[in-house]
Amino acid sequence: MERATERGAVDTLVLWGLTLLTLPGVLRSEWAVEYSGNPLCAIRGSTVVIPCSYKYPDLFKVETVMWCHDDEFCNKMAYVSHSNNTDISDAFRDRAEYLGNKEKNCTLQIKNITKKDAELKVAMTPQKEVKGVSEGDSVNLTCGTGSCSLSQSEFTWFKDNQQLPETQSTLHFSPVCKSHSANYSCGLKGNRQTVSESMNFSVKDDAWTVRYTERNLCAARGSTVFIQCEYEYPEPYKVNSSMWSRNDVDCTGKPYVYHSNNADISAEYTGRAELLGNSVRNCTLQIKNIRKTDAGEYRFRFVTNGCEKCGGPGVTLQVAELKVVMTSSRVNGTMKEGDSVNLTCDTDSCSLSQSEFTWFKDNKQLPETQSTLHFSPISYNHTGKYSCALKGHDETMSDVISLDFQYIKTTFVLAILCTVLAVLIVFLIIILCIVRRKDSVNEVKDTDRKRSFTVTEEYANIATTSQLGDRRQEVSSQLEDTCYASVTRQPEKKTNSWEMKNVTGRPTSFTEDTEYGNITRPDMSPPEDDVCYASIQLINKHPKNKRAVSREQESQDDDAVIYSAVGMTASLS
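Conventions used here
Residues numbered from 1 in each chain as written. Predicted model: local features only at pLDDT ≥ 70, side-chain atom pairs only at ≥ 80, totals over all residues. Heavy atoms only, no water. Phe/Tyr/Trp six-rings, centres within 6.5 Å; stacked < 30°, edge-to-face > 60°. Helix = DSSP H or I, 4+ residues; strand = E, 2+ residues; numbered from the N terminus. Buried < 20%, exposed > 50% of the residue type's maximum accessible area, 1.4 Å probe, protein only. Contact = heavy atoms within 4.5 Å. Polar contact = N/O pair within 3.5 Å; in protein donor to acceptor, adjacent residues only side chain to side chain. Pairing = 2+ DSSP bridges. Axes fitted to C-alpha atoms, helices over the stretch in contact; angles between N-to-C directions. Salt bridge = Lys/Arg side-chain N within 4 Å of Asp/Glu carboxyl O. Core = buried A, V, L, I, M, F, W, Y, C linked by side-chain atoms within 4.5 Å. Disulfide = S-S within 2.5 Å.

Trainee: Looking at this structure, how should I read the packing of aromatic side chains?
Mentor: For any pair of aromatic rings, the description rests on two quantities: the centre-to-centre distance and the angle between the ring planes. Summed over the entire model, instances satisfying the criterion amount to 16 aromatic pairs. On the numbers, 5.1 Å between centres and 55° between planes, the contact of Trp 31 with Phe 60 is tilted. Of this pair, Trp 31 sits in the loop between strand 1 (16–21) and strand 2 (32–35) while Phe 60 sits in the loop between strand 4 (52–55) and strand 5 (64–69); the two residues are 29 residues apart in sequence, bridging distant segments of the chain. Accessibility classification places Trp 31 together with Phe 60 in one group, the buried group. Seen in terms of ring centroids, Tyr 231 and Phe 302 are 4.7 Å apart; in terms of plane orientation they differ by 45°. Their pairing is tilted. Remark: Phe 302 occurs in strand 26 (residues 296–304) and Tyr 231 occurs in strand 21 (residues 229–232); sequence separation between them is 71 residues.

Trainee: Is there a simple way to explain the environment of Tyr 184 in this structure?
Mentor: Structurally, Tyr 184 is set in strand 15 (residues 182–188). It is 10.0 Å that separates the C-alpha atoms of Tyr 184 and Cys 143, two residues lying 41 residues apart in sequence. Excluding its chain neighbours within four sequence positions, the residues that come into contact with Tyr 184 are Val 122, Leu 141, Phe 158, Lys 159, Leu 164, Leu 171, Phe 173, Glu 197, Ser 198, Met 199 and Phe 201. A distance of 2.8 Å separates a polar atom in the side chain of Tyr 184 from the backbone oxygen of His 180.

Trainee: Help me understand the pairing of strand 11 (residues 139–144) in this model?
Mentor: Residues in a regular strand point their side chains to alternate faces of the sheet. Burial along strand 11 is one-sided: the face carrying Val 139, Leu 141 and Cys 143 is buried and the face carrying Asn 140, Thr 142 and Gly 144 is not. Relative to strand 11, strand 9 (residues 121–125) runs antiparallel, the two being bridged by five bridges. Note that in strand 11 the partner of Val 122 across the bridge is Cys 143.

Trainee: Got a minute to help me understand the environment of Tyr 233 in this structure?
Mentor: Following the sequence through the fold, Tyr 233 ends up in the loop between strand 21 and strand 22 (239–246). Along the chain, Tyr 233 and Trp 208 lie 25 residues apart, while their C-alpha atoms are 4.4 Å from each other. For Tyr 233, the residues in contact, after removing those within four places along its chain, are Ala 207, Trp 208, Lys 238, Val 239, Ser 279, Val 280, Arg 281, Phe 302 and Thr 304.

Trainee: So what exactly am I meant to see when it comes to the sheet that holds strand 11 here?
Mentor: By definition, the strands of a sheet pair up through backbone hydrogen bonds, in either a parallel or an antiparallel sense. The strand order across the open sheet built from three strands is 9-11-14, with neighbouring strands paired in antiparallel fashion. Both outer strands of the open sheet, strand 9 and strand 14 (170–173), are each paired with one neighbouring strand and no more. Mean inter-strand twist for the sheet, computed between neighbouring axes without regard to direction, equals 15°.

Trainee: Explain the sheet that holds strand 29 (residues 323–328) to me, please; I cannot follow it from the model alone.
Mentor: Spatial ordering of the open sheet is given by 29-30-33, a layout of three strands whose pairing is antiparallel. At either margin of the open sheet sits one strand with a lone partner, and together these are strand 29 and strand 33 (372–375). Taking each pair of neighbouring strands and ignoring which way they run, the sheet shows an average axis angle of 15°. Here strand 29 pairs with strand 30 (residues 341–346) via six bridges, running antiparallel. Bridging across to strand 30, Ser 328 finds its partner in Val 341.

Trainee: Please clarify how the pattern of salt bridges should be interpreted in this entry.
Mentor: If the charged atoms of two oppositely charged side chains come close together, the side chains can form a pair. Applying the stated criterion across every chain yields a total of ten salt bridges. Residues Asp 90 and Arg 93 are paired through a salt bridge, measuring 3.7 Å at the closest nitrogen-oxygen approach. Residue class for Asp 90 comes out exposed when judged on its relative accessible area of 67%. Glu 356 is paired through a salt bridge with Lys 391; the nearest N and O atoms lie 3.6 Å apart.

Trainee: I tried to follow the nonpolar core on my own but got confused; where do I start?
Mentor: Proteins that are soluble and globular tend to have nonpolar side chains buried together. Judged by nonpolar contacts, the single largest core of 31 residues is most densely connected at Tyr 231, Trp 244, Leu 285, Tyr 298, Phe 300, Phe 302 and Leu 317. Those residues in contact with Leu 285 that sit more than four places away from it in its chain are Val 225, Phe 226, Ile 227, Trp 244, Val 257, Tyr 258, Ala 273, Glu 274, Leu 275 and Tyr 298.

Trainee: Looking at this model, I keep getting lost on the state of the cysteines. Mind explaining?
Mentor: A disulfide bridge is the covalent bond that connects two cysteines by way of their sulfur atoms. The final tally for this structure, using the stated rule, is eight disulfides. A sulfur-sulfur distance of 1.8 Å marks the disulfide that ties Cys 229 to Cys 283. Around the S-S axis, the bridge from Cys 229 to Cys 283 shows a dihedral of about -80° and counts as left-handed. Placement of Cys 229 in strand 21 and of Cys 283 in the loop between strand 24 (273–275) and strand 25 (285–287) is noted, with a sequence separation of 54 residues between them. Look at Cys 283 and you get buried, because its relative accessible area is 0%.

Written out as structure tokens, the structure reads:
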């Protein structure tokens, strides 16, 4: 019997033993059991194979073989394995299997190793427990045990329970990045039962950073939104690529909103998303013609020749419809003229950051650009259909809201009626004034016509008397030119003298035989309605024919004066 101490071997406390029963049962030097010279290291949950060989003299034949555990002489009657399958320990039943034979091979296989002292662990080197791990450091993570060295060369690595492609026993991070922060575990390749407990690997993100100006944005459908962004990284690294993603925690999901290499860009954002930044520090994203489906969380990621960074949490974008909200100073009841009313351009779900708007009344643009229209007090002039839009983006126009009340319409009608009535009254007054003026002018014309007709009728036939051949007398040239306002006859005198009053009021007497000629008016203007005669000729009372006698008799009967010729000039003031 040979002893083999398995340090770190699963299910092995101190001793493994192989017993061979032979006839006549005497052990000699030709009898021997040999094990591997190297200690075995097995992992909990794995399968271990214990190589073994034995020899005995050729004259003998093996009848029974058995494996014992922690029994120096194998006489406890609790075997790991027995060729007759008797007295098997419950701890190894169905797990231990004899792979040898009864000639030379005595190899044993044990499945699902259970000893906890041989568990796999993830160890970090070098240890940085005091200051911690920062971006840019060099760190290794190794899969192994604390008690022995594993002979298996292939492993399986897990990061946050997600399998990694690496199969070596050590992960190398040079430089280490914030993106490497995670919970790491490892196991033997092909055996999930050997997976170790996870180790938290945390890296400080003070070198590669992404910052957003605002974490929450509200955009109106159809508008253009700007997601302000900045990023930093240490020298001498350079940016290889940058990208924007939506609703993707690690920024690796495809397709992208934007990619610097124009790779894997979503068709929904083609021609609408544009990076306004550069490959140094600015990562601002612009999205035009915002749609309802654009709502979500946006994150920026950049990759350098050292580390990469996904900025999270990202910027949450909400998309809403513009609408006009009406508020009144009257809490209850119908609004009346004189109340205060506000119309505000807003959304239901979020608050817009844009401060300038365009207002429309009955589809006509108003000059106001603020978010709220104030009507204080409100009147019928404010009635109409109102809508609003973001300034410069008419495609964001809201639905219309009617500012229309019955009392406002009644007041408007009354105002129109009063205005029409006032216009009619003014029009009638103007017509009356025009008619009265025409009547006054016609009256003056009739008066002048009558006055002219009287003078014409009185003197119509005066000029014909000059044909009678009466002797004319001339007024003495020594007499001053006089304009006579009236000429009266003084019949009581036999001499038939005439008396005439000049404009000075002093009478001037003439005898019947006096003949007047070239009586002219002075420079003074005559009074209104006075007639000034340029020349007067007196006819002798002694007729030379019957016609003259007849007219003389008419003149005597009417106490009138007959003139041979009168030249009249008159002026009406």
